[in-house]
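Chains, contacts and geometry: an overview
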Amino acid sequence: RIQKALLPSQRLLCETFPQHFILYKPKDIVSGDFYYLKKINDFVVIAVADCTGHGVPGAFVSLLGISFLNEIVVKKEVRTAADILEDLRQQVKTSLKQTEKDTHSKDGMDIALCVIDTKTNLLQFAGAYNPLYIARNEELIEIKGTKSPIGIHLKEKVFENHSIQLQKNDCVYLFSDGYQDQFGGENGMKFMSKRFKQLLLELCTTSFDKQKETLENKFQTWKKGRKQVDDITILGFKV
(Lines give C-alpha, C1' and ligand atoms only; values in the text may rest on other atoms or scores of the structure.)
Protein backbone atom coordinates (compact mmCIF):
# COMPACT_ATOMS: atom_id res chain seq x y z
CA ARG A 1 0.00 0.00 0.00
CA ILE A 2 2.87 2.36 0.82
CA GLN A 3 4.59 1.72 -2.50
CA LYS A 4 1.34 2.04 -4.45
CA ALA A 5 0.57 5.35 -2.74
CA LEU A 6 3.84 6.81 -4.03
CA LEU A 7 3.14 5.86 -7.66
CA PRO A 8 1.21 8.30 -9.90
CA SER A 9 -2.54 8.04 -9.40
CA GLN A 10 -4.80 6.78 -12.15
CA ARG A 11 -6.54 10.17 -12.06
CA LEU A 12 -3.25 12.01 -12.75
CA LEU A 13 -2.37 9.63 -15.58
CA CYS A 14 -5.79 10.11 -17.20
CA GLU A 15 -5.67 13.91 -16.83
CA THR A 16 -2.17 14.10 -18.33
CA PHE A 17 -2.54 11.41 -21.01
CA PRO A 18 -6.20 10.59 -21.74
CA GLN A 19 -4.93 7.87 -24.10
CA HIS A 20 -2.58 5.62 -22.15
CA PHE A 21 -2.12 2.25 -20.47
CA ILE A 22 0.10 1.00 -17.67
CA LEU A 23 0.92 -2.70 -17.32
CA TYR A 24 2.46 -3.05 -13.86
CA LYS A 25 3.14 -6.59 -12.64
CA PRO A 26 5.44 -6.94 -9.62
CA LYS A 27 7.14 -10.33 -9.32
CA ASP A 28 6.60 -10.24 -5.55
CA ILE A 29 4.29 -8.27 -3.24
CA VAL A 30 6.44 -5.17 -3.68
CA SER A 31 8.35 -4.18 -6.80
CA GLY A 32 11.79 -3.04 -7.87
CA ASP A 33 10.15 -1.30 -10.84
CA PHE A 34 8.45 2.06 -10.55
CA TYR A 35 6.85 4.58 -12.87
CA TYR A 36 6.90 8.32 -12.34
CA LEU A 37 4.84 11.28 -13.53
CA LYS A 38 4.94 14.95 -12.64
CA LYS A 39 3.22 17.81 -14.48
CA ILE A 40 4.60 21.27 -13.73
CA ASN A 41 3.22 24.18 -15.76
CA ASP A 42 3.82 23.30 -19.44
CA PHE A 43 6.19 20.40 -18.74
CA VAL A 44 5.53 16.72 -18.07
CA VAL A 45 8.24 14.47 -16.65
CA ILE A 46 7.51 10.78 -17.10
CA ALA A 47 9.73 7.78 -16.45
CA VAL A 48 9.88 4.01 -15.96
CA ALA A 49 12.71 2.64 -13.80
CA ASP A 50 14.03 -0.84 -13.04
CA CYS A 51 15.89 -0.95 -9.72
CA THR A 52 18.54 -3.49 -8.77
CA GLY A 53 16.86 -6.73 -7.74
CA HIS A 54 13.18 -7.20 -6.99
CA GLY A 55 11.03 -7.73 -3.94
CA VAL A 56 11.96 -5.85 -0.75
CA PRO A 57 15.55 -4.78 -1.73
CA GLY A 58 14.35 -3.47 -5.09
CA ALA A 59 11.41 -1.74 -3.44
CA PHE A 60 13.69 0.14 -1.02
CA VAL A 61 15.71 1.50 -3.94
CA SER A 62 12.51 2.39 -5.81
CA LEU A 63 11.34 4.51 -2.88
CA LEU A 64 14.67 6.34 -2.94
CA GLY A 65 14.35 6.89 -6.69
CA ILE A 66 10.86 8.38 -6.41
CA SER A 67 11.94 10.64 -3.56
CA PHE A 68 15.04 11.88 -5.39
CA LEU A 69 13.11 12.53 -8.62
CA ASN A 70 10.61 14.63 -6.69
CA GLU A 71 13.43 16.70 -5.24
CA ILE A 72 15.16 17.15 -8.62
CA VAL A 73 12.03 17.86 -10.67
CA VAL A 74 9.88 19.76 -8.18
CA LYS A 75 12.30 21.52 -5.83
CA LYS A 76 15.29 22.04 -8.11
CA GLU A 77 13.08 22.54 -11.19
CA VAL A 78 15.48 20.68 -13.51
CA ARG A 79 13.88 20.49 -16.97
CA THR A 80 16.53 18.74 -19.09
CA ALA A 81 16.18 14.95 -19.25
CA ALA A 82 19.93 14.17 -19.15
CA ASP A 83 20.51 16.64 -16.31
CA ILE A 84 17.78 14.94 -14.26
CA LEU A 85 19.55 11.59 -14.68
CA GLU A 86 22.96 13.07 -13.84
CA ASP A 87 21.52 14.57 -10.66
CA LEU A 88 19.71 11.32 -9.84
CA ARG A 89 22.94 9.35 -10.24
CA GLN A 90 24.79 11.62 -7.82
CA GLN A 91 21.96 11.42 -5.28
CA VAL A 92 21.92 7.60 -5.41
CA LYS A 93 25.71 7.34 -5.11
CA THR A 94 25.78 9.73 -2.16
CA SER A 95 22.85 8.22 -0.28
CA LEU A 96 24.11 4.63 -0.70
CA LYS A 97 27.69 5.73 0.13
CA GLN A 98 29.02 4.44 -3.18
CA THR A 99 32.64 5.41 -3.80
CA GLU A 100 35.35 4.21 -6.16
CA LYS A 101 37.22 2.76 -3.16
CA ASP A 102 34.21 0.88 -1.85
CA THR A 103 32.16 -0.66 -4.64
CA HIS A 104 30.43 -3.32 -2.51
CA SER A 105 27.13 -1.47 -2.90
CA LYS A 106 26.24 -1.60 -6.57
CA ASP A 107 22.55 -0.94 -6.04
CA GLY A 108 20.94 1.52 -8.40
CA MET A 109 18.61 1.49 -11.36
CA ASP A 110 18.14 1.54 -15.11
CA ILE A 111 15.67 4.15 -16.26
CA ALA A 112 14.02 5.72 -19.30
CA LEU A 113 12.95 9.32 -18.69
CA CYS A 114 11.15 11.87 -20.86
CA VAL A 115 10.49 15.58 -20.46
CA ILE A 116 7.64 16.78 -22.70
CA ASP A 117 6.83 20.41 -23.50
CA THR A 118 3.05 20.25 -23.82
CA LYS A 119 2.92 23.50 -25.82
CA THR A 120 5.27 22.35 -28.59
CA ASN A 121 5.09 18.53 -28.16
CA LEU A 122 8.89 18.48 -28.10
CA LEU A 123 10.06 15.40 -26.21
CA GLN A 124 13.43 15.12 -24.52
CA PHE A 125 14.68 11.63 -23.69
CA ALA A 126 17.56 10.32 -21.63
CA GLY A 127 18.08 6.72 -20.61
CA ALA A 128 20.33 4.78 -18.26
CA TYR A 129 20.57 1.61 -20.37
CA ASN A 130 16.82 1.58 -21.05
CA PRO A 131 15.59 2.80 -24.47
CA LEU A 132 12.51 4.67 -25.69
CA TYR A 133 10.21 3.35 -28.45
CA ILE A 134 8.00 5.55 -30.62
CA ALA A 135 5.53 3.89 -33.00
CA ARG A 136 5.03 6.15 -36.03
CA ASN A 137 3.64 5.42 -39.50
CA GLU A 138 3.95 1.63 -39.22
CA GLU A 139 7.53 1.94 -37.99
CA LEU A 140 9.02 1.52 -34.52
CA ILE A 141 11.64 4.14 -33.76
CA GLU A 142 14.14 3.16 -31.05
CA ILE A 143 16.15 5.78 -29.18
CA LYS A 144 18.77 3.98 -27.14
CA GLY A 145 19.78 4.92 -23.63
CA THR A 146 23.33 5.60 -22.51
CA LYS A 147 25.20 2.46 -21.45
CA SER A 148 25.63 3.56 -17.87
CA PRO A 149 23.38 2.92 -14.84
CA ILE A 150 22.08 5.19 -12.11
CA GLY A 151 24.64 4.28 -9.45
CA ILE A 152 28.31 3.42 -9.18
CA HIS A 153 29.94 2.13 -12.36
CA LEU A 154 33.54 1.56 -13.42
CA LYS A 155 33.05 3.23 -16.80
CA GLU A 156 30.68 6.04 -15.97
CA LYS A 157 29.36 7.90 -19.04
CA VAL A 158 27.66 11.26 -19.39
CA PHE A 159 23.97 10.76 -20.16
CA GLU A 160 23.01 11.81 -23.67
CA ASN A 161 20.00 14.09 -24.18
CA HIS A 162 17.83 13.37 -27.23
CA SER A 163 15.18 15.74 -28.61
CA ILE A 164 12.31 14.38 -30.70
CA GLN A 165 9.44 16.37 -32.19
CA LEU A 166 6.33 14.29 -31.57
CA GLN A 167 3.83 13.98 -34.41
CA LYS A 168 0.12 13.31 -34.45
CA ASN A 169 -0.76 9.68 -33.61
CA ASP A 170 2.71 8.88 -32.23
CA CYS A 171 2.59 6.15 -29.57
CA VAL A 172 5.34 6.42 -26.96
CA TYR A 173 6.48 3.43 -24.89
CA LEU A 174 8.62 3.29 -21.73
CA PHE A 175 9.32 -0.05 -20.06
CA SER A 176 11.54 -2.21 -17.89
CA ASP A 177 13.12 -5.41 -19.27
CA GLY A 178 10.94 -7.85 -17.32
CA TYR A 179 8.54 -8.60 -20.16
CA GLN A 180 11.34 -9.29 -22.64
CA ASP A 181 13.29 -11.44 -20.16
CA GLN A 182 10.39 -13.79 -19.38
CA PHE A 183 11.11 -17.43 -20.20
CA GLY A 184 8.41 -19.35 -22.04
CA GLY A 185 7.17 -20.48 -25.43
CA GLU A 186 7.71 -23.97 -26.79
CA ASN A 187 11.41 -24.10 -25.89
CA GLY A 188 11.54 -22.12 -22.64
CA MET A 189 13.36 -19.21 -24.27
CA LYS A 190 13.26 -15.52 -23.38
CA PHE A 191 10.61 -13.42 -25.12
CA MET A 192 13.39 -11.03 -26.28
CA SER A 193 13.26 -7.48 -27.64
CA LYS A 194 12.63 -8.52 -31.27
CA ARG A 195 9.27 -10.14 -30.40
CA PHE A 196 8.45 -7.26 -28.06
CA LYS A 197 9.05 -4.65 -30.77
CA GLN A 198 6.98 -6.58 -33.29
CA LEU A 199 4.13 -6.95 -30.80
CA LEU A 200 4.06 -3.22 -30.03
CA LEU A 201 4.10 -2.41 -33.73
CA GLU A 202 1.11 -4.69 -34.30
CA LEU A 203 -0.78 -3.16 -31.37
CA CYS A 204 -0.02 0.54 -31.78
CA THR A 205 -3.04 1.25 -34.02
CA THR A 206 -5.47 -0.31 -31.53
CA SER A 207 -6.93 1.35 -28.41
CA PHE A 208 -4.71 1.55 -25.35
CA ASP A 209 -7.14 -0.65 -23.39
CA LYS A 210 -6.77 -3.27 -26.12
CA GLN A 211 -2.98 -2.92 -26.10
CA LYS A 212 -2.81 -3.59 -22.37
CA GLU A 213 -5.21 -6.54 -22.61
CA THR A 214 -3.25 -8.12 -25.47
CA LEU A 215 0.12 -7.62 -23.76
CA GLU A 216 -1.26 -9.27 -20.61
CA ASN A 217 -2.76 -12.20 -22.54
CA LYS A 218 0.37 -12.68 -24.64
CA PHE A 219 2.51 -12.72 -21.50
CA GLN A 220 0.37 -15.40 -19.85
CA THR A 221 0.35 -17.51 -23.02
CA TRP A 222 4.12 -17.19 -23.42
CA LYS A 223 4.81 -17.96 -19.72
CA LYS A 224 2.78 -21.19 -19.88
CA GLY A 225 2.64 -21.70 -16.12
CA ARG A 226 6.29 -20.87 -15.51
CA LYS A 227 7.23 -18.47 -12.73
CA GLN A 228 7.47 -14.78 -13.52
CA VAL A 229 11.21 -14.02 -13.53
CA ASP A 230 11.20 -10.25 -12.91
CA ASP A 231 9.06 -7.21 -12.26
CA ILE A 232 7.24 -5.94 -15.34
CA THR A 233 6.30 -2.35 -16.21
CA ILE A 234 5.16 -1.10 -19.61
CA LEU A 235 3.77 2.42 -20.03
CA GLY A 236 2.28 3.55 -23.34
CA PHE A 237 0.71 6.90 -24.18
CA LYS A 238 -0.19 9.51 -26.78
CA VAL A 239 0.40 13.21 -26.14
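It should be noted that the structure appears before, not after, this text.
The sections below set out a description of the structure shown in this document. (Residues numbered from 1 in each chain as written. Predicted model: local features only at pLDDT ≥ 70, side-chain atom pairs only at ≥ 80, totals over all residues. Heavy atoms only, no water.)

Here we come to the environment of N187. Position of N187 relative to the elements: it lies in the loop between β10 (183-184) and β11 (189-190). Distance in space between the C-alpha atoms of N187 and T205 is 30 Å, their sequence separation being 18 residues. (Helix = DSSP H or I, 4+ residues; strand = E, 2+ residues; numbered from the N terminus.)

The next thing to look at is the packing of helix α5 (residues 192-203) against helix α6 (residues 208-223). Packing of α5 against α6 leaves a shortest axis separation of 10 Å and a crossing angle of 145 degrees. Here α5 and α6 pass one another in a crossing that is right-handed. For the pair α5 and α6, contact is made by R195, F196, L199, L200 and L203 and by Q211, T214, L215, K218 and W222, respectively. In the contact of α5 with α6, the residues fall into 6 nonpolar, 2 polar and 2 charged. (Axes fitted to C-alpha atoms, helices over the stretch in contact; angles between N-to-C directions. Left-handed = near helix turned anticlockwise from the far one by under 90°. Contact = heavy atoms within 4.5 Å. Nonpolar A, V, L, I, M, F, W, Y, C, P; charged D, E, K, R; others polar.)

You can see L64 is positioned in helix α3 (residues 55-75). Along the primary structure L64 and V92 are separated by 28 residues, whereas in three dimensions their C-alpha atoms are 7.8 Å apart. In this view, L64 contacts S95 and L96; residues no more than four positions away in its chain are not counted.

Looking at the secondary structure, you find R89 in helix α4 (residues 81-95). With relative accessibility at 1%, the residue R89 sits in the buried group. Within polar-contact distance, the side chain of R89 engages the side chain of S148 at 3.1 Å. Not counting residues within four places of it along the chain, the set of residues in contact with R89 comprises S148, P149, I150, G151, E156, K157, V158 and F159. (Buried < 20%, exposed > 50% of the residue type's maximum accessible area, 1.4 Å probe, protein only. Polar contact = N/O pair within 3.5 Å; in protein donor to acceptor, adjacent residues only side chain to side chain.)

Moving on: the sheet that holds strand β6 (residues 132-136). Picture the strands of a sheet paired through backbone hydrogen bonds; they go either parallel or antiparallel. The strand order across the open sheet formed by 5 strands is β1-β12-β9-β6-β7, and the pairing between neighbours is antiparallel. Only two strands of the sheet have a single neighbouring strand rather than two, namely β1 (20-25) and β7 (139-143). Looking at each pair of strands side by side, their axes are set apart by 15 degrees on average, direction ignored. By the bridge criterion, 4 bridges tie strand β9 (residues 171-175) to strand β12 (residues 232-237) in an arrangement that is antiparallel. Opposite F175, over in β12, you have I234 as the bridge partner. (Pairing = 2+ DSSP bridges.)

Running from N to C, α3 and α4 point in directions that differ by 130 degrees, and their axes come no closer than 10 Å. The pairing of α3 with α4 is recorded here as oblique in orientation. The interaxial crossing formed by α3 with α4 has right-handed handedness. Facing L64, G65, F68, L69, E71, I72 and V73 of α3, the residues of α4 in contact are I84, D87, L88, Q91, V92 and S95. For the contact of α3 with α4, a count of residues per class yields 8 nonpolar, 3 polar and 2 charged. (Parallel < 35°, antiparallel > 145°, perpendicular 65-115°, else oblique.)

Bringing the packing of aromatic side chains into the picture now. Within the structure shown, the criterion is met by 11 aromatic pairs. An angle of 90 degrees between the planes, with centres 5.3 Å apart, marks the rings of Y179 and F191 as edge-to-face. On the criterion of sequence distance, the pair formed by Y179 in the loop between β9 and β10 and F191 in the loop between β11 and α5 is long-range, its members being 12 residues apart. Here the two residues Y179 and F191 agree in accessibility, since each one is buried. Ring geometry for F191 versus W222: centroids 5.2 Å apart, planes at 90 degrees, classification edge-to-face. One end of the pair, F191, is in the loop between β11 and α5; the other, W222, is in helix α6, and 31 residues separate them in sequence. A residue is classified by how much of its surface remains accessible, and W222, at 13% relative accessible area, is buried. (Phe/Tyr/Trp six-rings, centres within 6.5 Å; stacked < 30°, edge-to-face > 60°.)

In total, this model carries 11 salt bridges according to the counting rule given. When the shortest N-O distance is used, the salt bridge between D42 and K119 registers 3.6 Å. Of the two residues, D42 sits in the loop between β2 (33-40) and β3 (43-51) while K119 sits in the loop between β4 (109-117) and β5 (122-128), which places them 77 residues apart along the sequence. Note on D42: relative accessible area 31%, which makes it partly exposed. Residue K119 is classed as exposed on the basis of its relative accessible area of 67%. A salt bridge links E156 to R89, with the nearest nitrogen and oxygen atoms 3.8 Å apart. Of this pair, E156 sits in the loop between β7 and β8 (162-165) while R89 is found in helix α4, placing the two residues 67 residues apart along the sequence. The exposure class assigned to E156 is partly exposed, which follows from its relative accessible area of 35%. Look at the salt bridges and you will find they share partners, linking E86, R89, K93 and E156 into a network. (Salt bridge = Lys/Arg side-chain N within 4 Å of Asp/Glu carboxyl O.)

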